[in-house]
Amino acid sequence: SGVLITDFSFSDVLALPIFKQEESSLPPDNENKILPFQYVLCAATSPAVKLHDETLTYLNQGQSYEIRMLDNRKIGELPELNGKLVKSIFRVVFHDRRLQYTEHQQLEGWRWNRPGDRILDIDIPMSVGIIDPRANPTQLNTVEFLWDPSKRTSVFIQVHCISTEFTMRKHGGEKGVPFRVQIDTFKENENGEYTEHLHSASCQIKVFKPKGADRKQKTDREKMEKRTPQEKEKYQPSYETTILTECSPWPEITYVNNVSSPGFSSSHSSFSISEGNGSPNHQPEPPAPITDNLLPTSTPQEAQQWLHRNRFSAFSRLFTNFSGADLLKLTREDVIQICGPADGIRLFNALKGRMVRPRLTIYVCQESQQLRDQQKHEDGDAANSTFFVYHAIYLEELTAVELTEKIAQLFSISSQQISQIYKQGPTGIHVLISDEMIQNFQDESCFVLDTMKAETNDSYHIILK
């Protein structure tokens with residue numbers, strides 16, 4: 001990455017790969033380019049897809065599906081890969097933009113409902129040519145492994161979540177949400193870390209309960225058979241395999257190598273992982289905050305740390321290259337669209353450094369102090385420098401109990417020592433303060449406080465004048 005966005009608009013965010021949904025391929029001028037690798041999912045595409053739409057492939061939950069990893073290089077192309085391994089990272093992610101915004105919350109909800117389960121697994125006994133497969137227990141939808149492009153490599157994956165688990169309303173018969181299978185492949189850099197991006201490709205899938213994918217494929221085929229020849233021309237044929245199409249790499253903050261991650265064993269007994277490299281985006285805990293203010297001069301790295309400190313880690317990937325200035329330029333509507341209403345409002349308030357305003361502020365001054373100052377003024381002593389000192393009281397609950405506690409704090413006494421609080425009314429009458437009366441106080445009203453000994457020992461009545 002390392003690109004600093006200086007001239008920002010919200011469309012830049014939507015251009016990130018995570019927000020792409022309509023066009024997974026790169027622009028047309030890349031179509032004739034020979035790609036270094038090709039990935040082929042051995043599952044048939046749906047026949048009910050229109051000609052210029054992206055293919056859609058139905059999978060059964062938990063079933064092992066082969067993905068062939070093919071070396072597509074011409075002779076002499078990328079010679080630095082000869083005799084070398086590459087790393088591929090597999091992900092199952094949301095296809096719909098609405099769910100991409102809330103991916104972290106969606107996956108956490110799935111984890112809560114399916115403790116111990118993973119979204120994506122590799123079926124090790126079935127796979128061929130994969131080396132050092134790994135998964136991180138916190139990254140349920142991601143697996144990775146090394147492979148040699150010069151040797152036959154086939155990885156068998158299992159997807160354990162079904163499309164209807166993420167639909168908004170669950171009344172039965174609802175359409176499931178589509179997912180994407182994305183593969184990102186990297187070569188080693190000079191330090192032996194697999195961080196240099198080579199190729200990325202993805203395809204659209206839907207996952208059904210066991211045997212459900214076969215039934216859906218059959219239903220689609222029968223629907224197509226009923227269409228007229230003219231209508232059929234508007235649709236793609238069903239291909240026996242699904243070719244993953246080139247796409248932008250999945251955005252990462254950084255690829256951390258040689259980081260220990262806890263051993264992991266899937267409940268589906270697909271594979272276990274020994275100590276070693278964790279997920280590529282495994283992040284160390286950010287340092288303790290020095291200040292909570294995000295400054296326009298903050299670098300993208302400092303902005304990332306600020307997001308982690310303020311409990312916005314779920315969205316850090318979306319803002320990978322954003323400097324402090326870029327984040328501070330976001331409007332309220334922008335952050336709500338990116339992060340959803342709840343976290344969006346929280347992030348907007350945090351960016352603007354907004355303090356929570358009290359519901360009611362009143363200013364009070366002790367009458368005895370005011371009288372002393374007034375006496376000094378009348379005696380001509382320090383007449384030019386006389387002013388009355390008021391104290392602010394901030395109220396949130398707008399109740400008589402809360403006001404009693406705040407006044408007790410001001411006088412450094414126990415709230416038990418305040419018997420009643422009155423407000424001086426017309427013709428000097430004392431009106432007992434109630435919750436309703438406080439709720440009708442004007443904001444920033446000023447009062448002089450007078451104290452009067454109550455009937456019981458060590459307690460007082462307070463009068464607001």
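Numbering of residues starts from 1 in each chain and follows the order in which that chain's sequence is written. Only residues with pLDDT of at least 70 are given local features in this predicted model, and only at 80 or more are side-chain atom pairs given and counted; all residues enter the totals for whole chains, interfaces and linings. Calculated side-chain values reflect all of the structure's heavy atoms, with hydrogen atoms and water omitted.

**Student:** Would you take a moment to explain the overall build of the protein for this structure?
**Tutor:** Under the scheme used here, helices are H or I runs from DSSP no shorter than 4 residues and strands are E runs no shorter than 2 residues, and both carry numbers assigned from the N terminus. For the protein, the count of helices and strands is 12 helices and 20 strands. Only protein chains enter the area calculation, which uses a 1.4 Å probe; residues under 20% of their type maximum are buried, those over 50% are exposed, and those in between are partly exposed. Among the 465 residues that make up the protein, the fraction classed as buried is 44%. Whether two residues are in contact is decided by their heavy atoms: any pair within 4.5 Å suffices. The contacts in the protein between residues at least 6 apart in sequence include a share of 69% that link residues at least 24 apart.

**Student:** Explanation requested: the sheet that holds strand β11 (residues 242-243) in the structure shown.
**Tutor:** If you walk across this open sheet you meet the five strands as β5-β8-β3-β1-β11, and the pairing is antiparallel. Among the strands making up the open sheet, the edge pair consists of β5 (120-122) and β11. When DSSP finds at least two bridges between two strands, those strands are taken to pair.

**Student:** Honestly, empty space enclosed by the protein in this entry has me stumped. Any pointers?
**Tutor:** In this analysis, the protein atoms alone were mapped onto a 1 Å grid. Cavities are point sets where a 1.4 Å probe fits without being able to get out; pockets are open sets with protein on both sides within 12 Å along at least five of seven lines; lining residues have an atom within 4 Å of a point. Grid points are joined across faces, edges and corners, and a volume is the space filled by probe spheres set on the points. Inspection of every chain in the model, using the stated rule, returns three cavities of 30 Å³ or more. For the largest cavity, the calculated volume is near 60 Å³. Residue lining of the largest cavity: V92, V93, F94, E103, L107, I119, N141, C161, F166 and F179, and that is the complete set. By residue number, the principal contributor to the lining of the largest cavity is strand β4 (residues 86-94), which donates three residues.

**Student:** What exactly am I supposed to notice about unusual backbone geometry here?
**Tutor:** What you tend to see is this: most non-glycine residues have negative phi, and most peptide bonds are trans. For L398, which is not glycine, the phi torsion reads 55° and is therefore positive. Accessibility expressed as a relative area gives 9% for L398, which makes it buried. Not every positive phi belongs to a glycine, and T427 is a case in point at roughly 55°. Mapped onto the elements of the fold, T427 is located in the loop between β17 (418-424) and β18 (430-432).

**Student:** What's the story with the pattern of salt bridges in this structure? I'm lost.
**Tutor:** Where charged atoms of side chains with opposite charge meet at close range, the side chains can pair. A side-chain nitrogen of Lys or Arg and a carboxyl oxygen of Asp or Glu constitute a salt bridge if their distance falls within 4 Å. One pass over the structure, following the stated rule, counts 16 salt bridges. For the salt bridge of R114 with D117, the shortest nitrogen-to-oxygen distance reads 2.9 Å. Like R114, the residue D117 is buried in the burial classification. The network of salt bridges with shared partners includes E80, K187 and E196.

**Student:** I keep staring at the packing of aromatic side chains and nothing clicks. Help me out?
**Tutor:** The geometry of two aromatic rings is summed up by the distance between their centres and the angle between their planes. Ring pairs shown here join Phe, Tyr and Trp side chains whose ring centres sit within 6.5 Å, with only the six-membered ring taken for Trp; geometry is labelled stacked below 30 degrees between planes, edge-to-face above 60, and tilted in between. Per the counting criterion, the structure on display carries nine aromatic pairs. On the numbers, 5.3 Å between centres and 45° between planes, the contact of F90 with F145 is tilted. Here F90, found in strand β4, pairs with F145, found in strand β7 (residues 142-147); they are 55 residues apart in sequence, far enough to count as distant. Residue F90 is classed as buried on the basis of its relative accessible area, which comes to 1%. Linked through ring pairs, F94, F166 and F179 together constitute an aromatic cluster. Both a distance and an angle decide whether a charge sits over a ring: NZ of Lys or CZ of Arg must be within 6 Å of the ring centre and within 35 degrees of the ring normal. When the ring centre of Y460 is taken as reference, the NZ or CZ atom of K453 above it lies at 5.1 Å.

**Student:** Help me understand the environment of R221 in this model?
**Tutor:** In this structure, R221 sits in helix α4 (residues 212-225). On the basis of relative accessible area, R221 is assigned to the partly exposed category, the value being 42%. Linking R221 and A48, residues 173 residues apart in sequence, is a C-alpha distance of 7.4 Å.

**Student:** Quick question: what am I supposed to make of the nonpolar core here?
**Tutor:** In a soluble, globular protein the nonpolar side chains are often hidden away together inside. Nonpolar core, defined: a set of buried Ala, Val, Leu, Ile, Met, Phe, Trp, Tyr and Cys residues in which side-chain atoms within 4.5 Å join the residues together. Judged by nonpolar contacts, the single largest core of 41 residues is most densely connected at Y39, L41, I67, M69, F90, V155 and F179. The leading source of residues in this core is strand β10 (residues 194-208), at five residues. When sequence neighbours within four positions are dropped, the list of residues in contact with Y39 reads I67, R68, M69, W147, I183, T185, H199, A201, T242, I243 and L244. Ranked by size, the runner-up nonpolar core spans 18 residues in total, among them I362, L398, I418 and L464.

**Student:** What is the right way to read the packing of helix α8 (residues 332-339) against helix α9 (residues 341-351) from this model?
**Tutor:** A pair of packed helices is captured by two measures, namely the crossing angle of their axes and the spacing between those axes. Convention adopted: a line fitted to C-alpha atoms gives each axis, helices being fitted over their contacting stretch, and angles between N-to-C directions are expressed from 0 to 180 degrees. Relative to each other, α8 and α9 sit at 140°, their axes nearing to 7 Å. In terms of their interaxial angle, α8 and α9 are classed as oblique. The interaxial crossing formed by α8 with α9 has right-handed handedness. For the pair formed by α8 and α9, the contact residues are R332, V335, I336 and C339 on the first element and P341, D343, G344, I345, L347, F348 and L351 on the second. Among the residues forming the contact of α8 with α9, the class breakdown is eight nonpolar, one polar and two charged. When describing relative orientation, an angle under 35 degrees is termed roughly parallel and one over 145 degrees roughly antiparallel, while 65 to 115 degrees is termed roughly perpendicular and anything else oblique. Here is the rule for handedness: rotate from the far helix to the near one, and if that takes an anticlockwise turn smaller than a right angle the crossing is left-handed, while a clockwise turn gives right-handed. Each residue is assigned to one of three groups, with Ala, Val, Leu, Ile, Met, Phe, Trp, Tyr, Cys and Pro labelled nonpolar, Asp, Glu, Lys and Arg labelled charged, and all others, Gly among them, labelled polar.

**Student:** What is the right way to read helix α3 (residues 103-113) from this model?
**Tutor:** Residues E103, L107 and W110 constitute the buried set of α3. Summarising the axial view, the buried residues of α3 lie within an arc of 55°, below the 170-degree limit, and thus occupy one face. Across α3 from its buried face, at more than 90 degrees, point the exposed residues W112 and N113. Among the structural elements, β4 and α2 (97-101) are those in contact with the buried residues of α3. The arc in question is formed by the directions pointing from the helix axis toward the C-beta atoms.

**Student:** Looking at this structure, I do not really get the sheet that holds β18. What am I missing?
**Tutor:** Working definition: the strands of a sheet are paired by backbone hydrogen bonds and lie parallel or antiparallel to each other. Across the sheet, six strands lie side by side as β16-β15-β19-β20-β17-β18; this open sheet has mixed pairing. Because the sheet does not close on itself, it has two edges, and the strands there are β16 (391-395) and β18. Taking each pair of neighbouring strands and ignoring which way they run, the sheet shows an average axis angle of 40°. Each of β15 (360-366), β16, β17, β19 (445-453) and β20 (460-464) is contacted by helix α11 (residues 400-411), which is oriented at about 150° to β16, the strand it contacts most.

**Student:** Mind showing me how you'd approach α8 here?
**Tutor:** Within an α-helix, residues lying three or four positions from one another point in the same direction, as the helix has 3.6 residues per turn. Among the residues of α8, those classed as buried are D334, V335, I338 and C339. In a view along the axis of α8, the buried residues occupy a sector of 100°, so they form one face of it.

**Student:** Which parts of the structure should I look at to understand the pairing of β15?
**Tutor:** Here is the key point about a regular strand: its side chains alternate between the two faces of the sheet. With five of seven residues buried, β15 lies mostly within the body of the structure. With five bridges joining them, β15 and β16 adopt antiparallel strand pairing. Counted as the bridge partner of I362 is I393 from β16. Pairing of β15 with β19 involves five bridges; the strand directions are parallel. Residue V364 lies in a different strand from β19, and its bridge partner there is F447.

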